[in-house]
Structures are given as C-alpha cells and as structure tokens.
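# Structure assessment
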Amino acid sequence: MLTNELLNRTKEKIGTNKEVDLARKLGIAQTRLSNYRSGLRKPDEEACFLIAEIIEEEPAAVIATVNIEAAKEPKKAEFWREKAKKYAASAGIISALLA
C-alpha cells in the first residue's frame with residue numbers, strides 16, 4: 001500500500017520505529033494512524049502536508065499518492081497517479097514508489 005510506504009518512510013525520517021512516535025509527530029491519535037494503515041481512512045490534507053515536510057516531498061505529490069489508493073474507479077486512480085508523478089521530486093520517495 002502506498003500510504004503505508006509513505007508512513008514507513010516518515011517514521012524512518014523522524015528516526016523511530018514506534019507507531020506512537022509517528023502518531024505524535026503527525027498530531028493524531030494512534031487509532032487514526034491505525035485506520036490510515038488499514039485503509040479505513042486516508043490521511044487528511046494537514047497530515048499530508050506534515051508527511052511531505054518530513055519526507056521532503058511536495059505536498060501535492062503526497063496528497064495525490066494518498067488519493068491513488070482511495071480512488072474507487074481505475075480512471076480516478078490513474079488521474080491521481082499522473083498528478084503524483086507530476087509533482088513528485090525526481091529522486092524522491094514518491095517517484096520510487098510509483099516506478
């Protein structure tokens with residue numbers, strides 16, 4: 001899952017392997033983080049901006065990447081994939097995930 005990869009990279013960047021530390025850094029409850037990981041919820045724009053800052057990516061690329069998985073239709077998923085590619089840093093995490 002792309003969202004889980006973003007969250008894992010964020011955790012690496014903040015230098016922890018604990019979910020509680022990641023949740024604190026994002027300013028969310030651990031249950032919300034668990035919901036992100038399971039796909040019950042997607043990170044909101046605020047969380048996407050925080051993730052983007054930490055992993056040094058464009059916020060638009062993070063938002064688009066999260067929306068790829070949330071898309072219910074293949075056409076919408078492809079729309080978000082193209083946006084993620086457009087805004088991702090050329091040598092960044094998202095470019096590697098979408099390759």
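My aim in this report is to walk through the structure given alongside it, one point at a time. Note that the structure is a prediction, hence the values are computed from the model and not measured.

The rules behind the values
- Residues numbered from 1 in each chain as written.
- Predicted model: local features only at pLDDT ≥ 70, side-chain atom pairs only at ≥ 80, totals over all residues.
- Heavy atoms only, no water.
- Helix = DSSP H or I, 4+ residues; strand = E, 2+ residues; numbered from the N terminus.
- Rg over C-alpha atoms; globule rule 2.2 N^0.38 Å.
- Buried < 20%, exposed > 50% of the residue type's maximum accessible area, 1.4 Å probe, protein only.
- Contact = heavy atoms within 4.5 Å.
- Areas by Shrake-Rupley, 256 points an atom, 1.4 Å probe, with all protein chains shown as cover.
- Axes fitted to C-alpha atoms, helices over the stretch in contact; angles between N-to-C directions.
- Parallel < 35°, antiparallel > 145°, perpendicular 65-115°, else oblique.
- Nonpolar A, V, L, I, M, F, W, Y, C, P; charged D, E, K, R; others polar.
- Core = buried A, V, L, I, M, F, W, Y, C linked by side-chain atoms within 4.5 Å.
- Phe/Tyr/Trp six-rings, centres within 6.5 Å; stacked < 30°, edge-to-face > 60°.
- Salt bridge = Lys/Arg side-chain N within 4 Å of Asp/Glu carboxyl O.

Our focus in this paragraph is the overall build of the protein chain. The helix and strand tally for the protein chain stands at seven helices and zero strands. Along the protein chain, helices and strands appear, N-terminal first, in the series α-α-α-α-α-α-α. For 99 residues, the compact-globule formula gives about 13 Å, and the C-alpha radius of gyration of the protein chain, at 13 Å, lands near that figure. Counting only C-alpha atoms and orienting by the principal axes, one finds that the protein chain spans roughly 35 × 30 × 20 Å. Taking all 99 residues of the protein chain together, the buried fraction comes to 40%. The contacts in the protein chain between residues at least 6 apart in sequence include a share of 50% that link residues at least 24 apart. Carbon and sulfur atoms make up 50% of the accessible area of the protein chain, which totals about 5,800 Å².

The next subject is the environment of Ala99. Here Ala99 lies in the segment after α7 (93–98). Overall, Ala99 belongs to the exposed group, its relative accessible area being 91%. A sequence separation of 14 residues divides Ala99 from Lys85, and the C-alpha atoms of the two residues are 9.2 Å apart.

Bringing the packing of helix α1 (residues 2–13) against helix α5 (residues 59–70) into the picture now. At a minimum axis separation of 8 Å, α1 and α5 run at an interaxial angle of 140°. By the angle between their directions, the pair α1 and α5 is classed as oblique. Of the residues in α5, those in contact with Leu2, Thr3 and Leu6 of α1 are Val62, Thr65, Val66, Ile68 and Glu69. Within the contact of α1 with α5, the residues separate by chemical class into five nonpolar, two polar and one charged.

Below, the discussion takes up the nonpolar core. If you look at the biggest cluster of nonpolar residues, it comprises 26 residues, and the most contacted ones within it are Leu6, Leu7, Leu33, Val62 and Ile94. Residue assignment for this core shows that the elements contributing at least two residues are α1, α2 (19–26), α3 (30–38), α4 (45–55), α5 and α7. Considering every element that reaches this core, the biggest residue donor is α5, with six residues. Those residues within four positions of Leu6 in sequence are excluded, and the remaining contacts are Ile55, Val62, Thr65, Val66, Ile94 and Leu97.

The subject of this paragraph is the packing of aromatic side chains. For the structure on display, the rule yields one aromatic pair. When the ring of Phe79 is compared with that of Trp80, the centres are 5.1 Å apart and the planes differ by 80°; the resulting orientation is edge-to-face.

Attention now moves to the side chain of Thr3. Inspection of the secondary structure puts Thr3 in helix α1. Residues in contact with Thr3, not counting those within four places in the same chain, are Tyr36, Pro43, Val66 and Glu69.

A side chain of one charge can pair with a side chain of the opposite charge if their charged atoms are brought near each other. If you walk through the whole model with that rule in mind, you get four salt bridges. Notably, a salt bridge pairs Lys13 with Glu56, separated by 3.9 Å at the nearest N-O pair. Here the residue Lys13 occupies a position in helix α1, and Glu56 occupies one in the loop between α4 and α5, the gap between them amounting to 43 residues. On the basis of relative accessibility, which here comes to 44%, the residue Lys13 falls in the partly exposed class. Two residues, Arg37 and Glu19, come together in a salt bridge whose shortest N-O distance is 2.8 Å. Here Glu19 lies in helix α2 and Arg37 lies in helix α3, a separation of 18 residues in the sequence. One salt-bridge network, in which partners are shared between bridges, spans Lys11, Glu19 and Arg37.

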